[in-house]
Amino acid sequence: REAVIEEIINLKMILSMPKGTEYFISDIHGEDIKFRRILNNCSGVIQDKIETIFKDLSKEKQTALCMLIYEPEKTIEKVKKQNNWNYYYENLIYLVLLAKELSSKYTRSKLKKMFSKQYAYLFDELLNGQNIKNNEQYHEIIEILATVDKCYSFLIEMCNLIKKLAVDQLHILGDLYDRGPRGDKVIDLLKTYHSVDIQWGNHDILMIGAAAGNKCCIAMVVLNAFKYDSLEMIENGYGISLKKVFQEARSLYPDMSMIAACKKLMAIIMFKLEGQIIMAHPEYQLNDKLYLDKIINNKIKINNHLYSLNDSDFKTIDPACPYQLNDIETEIIQELNKNFKNSLKLHNHIKFLLNNGSVYKICNHNLLFHGCIPLDFYGDFIPVDLDNQKLVGKKYFDYLDRKIRSGYFEKDKDAIDLYWFLWSGRLSPFCGRDLKHFIRMFVDDPKLGKERSNAYYMYLNDENVCMKILKEFSINNGHIINGHTPVKIKDGQSPVKANGKLVVIDGGFSPQYYNQTGNSGYTLISDSYGLMLRSHCHEITWQTTLKDELIEKYSKRLLIKDCDNGKRIMERIKDLELLLQAYRDGVIHDMMISDEETLN
């Protein structure tokens, strides 16, 4: 009975606490160095807090304190050589004050879960205890830590705690791979993060498909590695040998550069495998992507028009069976498939993506997904025919969530094929446009190479359509948050659309988009006061932001009871109150069990 009462009190106390801070970031695209810095400085929030709390500190000292928190190992390593104990004492006070400010949103029980085991008691005393009342006691703590050589590790753990306190939940809205060099290191960073969820993007689906054994996805992943200069991730990060690809590419195309030859070799393999999947699955509605059977000498016939090809050397394509791999191509893809299958680190990362990810997420009245929800030109949901079902809206998303998992974990053949549709299909919520890899590679015609997008992107500024989508997911008053399409602010585009109902947070994290967008991605921040959008700088520096844009200021400060977690807590309180009533009514009796009875 007493335990029930205590738990009810604790949960009601939690309901009265302010809502935790959520961060939303999208389309990291393998830019691990920049992403690590954004994570470490919490998108500039650490600097904001230091400037607010320590107004009297000089700019130099504020910057030094920021750098200690951002990179504690490197910073303290320099200090250790100087044997400057005053440094530890001074910064301990600053860090404790900062941690106390940031911890005000957390209950003591939740705080304890964030503490490192080694220093849990000391952290609790510093942040919550009443025993440390003056500066001399901070000196004593440093002296005690110094005697056991723990000053170094303690300050590092304190800095890491501050970064945890600054962000309660991190949402990643897809596309961790490709375009940047080290998608694997991005996953490594996320694996160490205290609280993260992922909404998969098309580039993540491609990697999941490759790990599940979809040979077309494997060919595309390797092609992208050559295209985006991410070979280090494939070979060193995941230990996948590309030796045979290099050998055969040099043999087949001796007059081309090595990278160009490898790209062409893998592209032809991919187009053949793509054709096989498309012909096996007419329900994907991708027959217009079948190009290899339309090559006539140095031209290709598309929509009854002949277009010149910029490359006529297709020696590996048999006109009689254009989509059949030859013996060399078969050996290459079989070896790659084996290498992908045997990469322990790759599968460790894919399991992390699947266990912490989903097609979409509903969180605190926000609908999170990477790309789009397929619409027709009237702004209505398009029925998608898969598994002899007409899938629409939320039902479609839920179906894909199950299918993506079954392809990897259960080796469902149809699900494994489906990965390719999800990567490149115009009706895929991860892609949502008409990809034209072959045209862009072999036909010099900008108009023909233009990739049309799903009508969803026509309706981004239509508040009524956005409300219809939110209603489909049982959200009455919230926001759609997605990435996938870089926002070209230099052309007057805004990431905030439909009167604030929709926010696109892909501002072009990858340097390849800088000239198109004018900025370098966003962090959307949702705290207890409102929604704010923070723009990133191009340069990989600790200064992350260009400007802030307030999207919505709440009429009152949000508490945990106003959030999804609050609803779950209130349900638990109801159950506990029923249990308490059962005690009071004598339905359940308190039982004092003796030590002897326990042993028996």
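In the block above lies the structure referred to throughout.
These numbers come from a predicted model, not from an experiment. (Residues numbered from 1 in each chain as written. Predicted model: local features only at pLDDT ≥ 70, side-chain atom pairs only at ≥ 80, totals over all residues. Heavy atoms only, no water.)

Q: Any details on the pattern of salt bridges? Residues and values, ideally.
A: Pairing is possible between side chains that carry opposite charge, provided their charged atoms lie close to one another. The final tally for this structure, using the stated rule, is 33 salt bridges. Between R36 and E71 there is a salt bridge, with the nearest N and O atoms lying 2.9 Å from each other. Highlighted residues: R36 in helix α2 (residues 32-40) and E71 in the loop between α4 (59-70) and α5 (72-80), separated in sequence by 35 residues. Its relative accessible area of 26% is what places R36 among the partly exposed residues. The salt bridge partner of D313 is K315, with a shortest N-O separation of 2.8 Å. (Salt bridge = Lys/Arg side-chain N within 4 Å of Asp/Glu carboxyl O. Helix = DSSP H or I, 4+ residues; strand = E, 2+ residues; numbered from the N terminus. Buried < 20%, exposed > 50% of the residue type's maximum accessible area, 1.4 Å probe, protein only.)

Q: How would you sum up the nonpolar core? Please name residues and give values.
A: Among the nonpolar cores identified, the biggest contains 189 residues, and I172, L190, W200, M266, L386, Y456 and I469 are the most heavily contacted of them. At 12 residues, helix α16 (residues 258-280) tops the list of elements feeding residues into this core. Among all residues touching L386, those that are not within four sequence positions of it are E283, Y284, L391, Y396, Y399, L400, L418 and F421. Grouped together as the second largest cluster of nonpolar side chains are 12 residues, I14, L15, M17 and I569 included. (Core = buried A, V, L, I, M, F, W, Y, C linked by side-chain atoms within 4.5 Å. Contact = heavy atoms within 4.5 Å.)

Q: Residue-level account of the sheet that holds strand β8 (residues 360-363), with values.
A: Read across the open sheet, the 5 strands follow the order β8-β9-β12-β14-β13; overall the sheet is mixed. Sheet topology places β8 and β13 (496-497) at the edges, where each strand pairs with a single neighbour. Alignment of β8 against strand β9 (residues 366-369), held across 4 bridges, turns out to be antiparallel. Across the sheet, residue K361 finds its bridge partner in β9, namely L368. (Pairing = 2+ DSSP bridges.)

Q: Got a sec to walk through the pairing of strand β5 (residues 299-302)? Specific residues and values, please.
A: By the alternation rule, side chains of β5 split into I300 and I302, which are all buried, and K299 and K301, of which none is buried. In terms of strand pairing, strand β4 (residues 295-296) meets β5 through 2 bridges, oriented antiparallel. Across the sheet, residue I295 finds its bridge partner in β5, namely I300. Between β4 and β5, which follow one another and run antiparallel, lie 2 residues, and N297 among them has a positive phi close to 55°. In the sheet, β5 pairs with strand β6 (residues 305-308) via 4 bridges, with the strands oriented antiparallel.

Q: Describe in detail unusual backbone geometry, supporting the description with residues and values.
A: Look at D178: it is not a glycine, yet its phi comes out positive at around 70°. The residue D178 is located in the loop between β2 (169-172) and α11 (183-191) in this model. Its identity is not glycine, yet N304 carries a phi of approximately 65°, on the positive side.

Q: So what about the sheet that holds β5? Which residues, and what values?
A: Strands sit in the order β4-β5-β6 across an open sheet of 3 strands; the sheet is antiparallel. In this open sheet, the two edge strands, each paired with only one partner strand, are β4 and β6.

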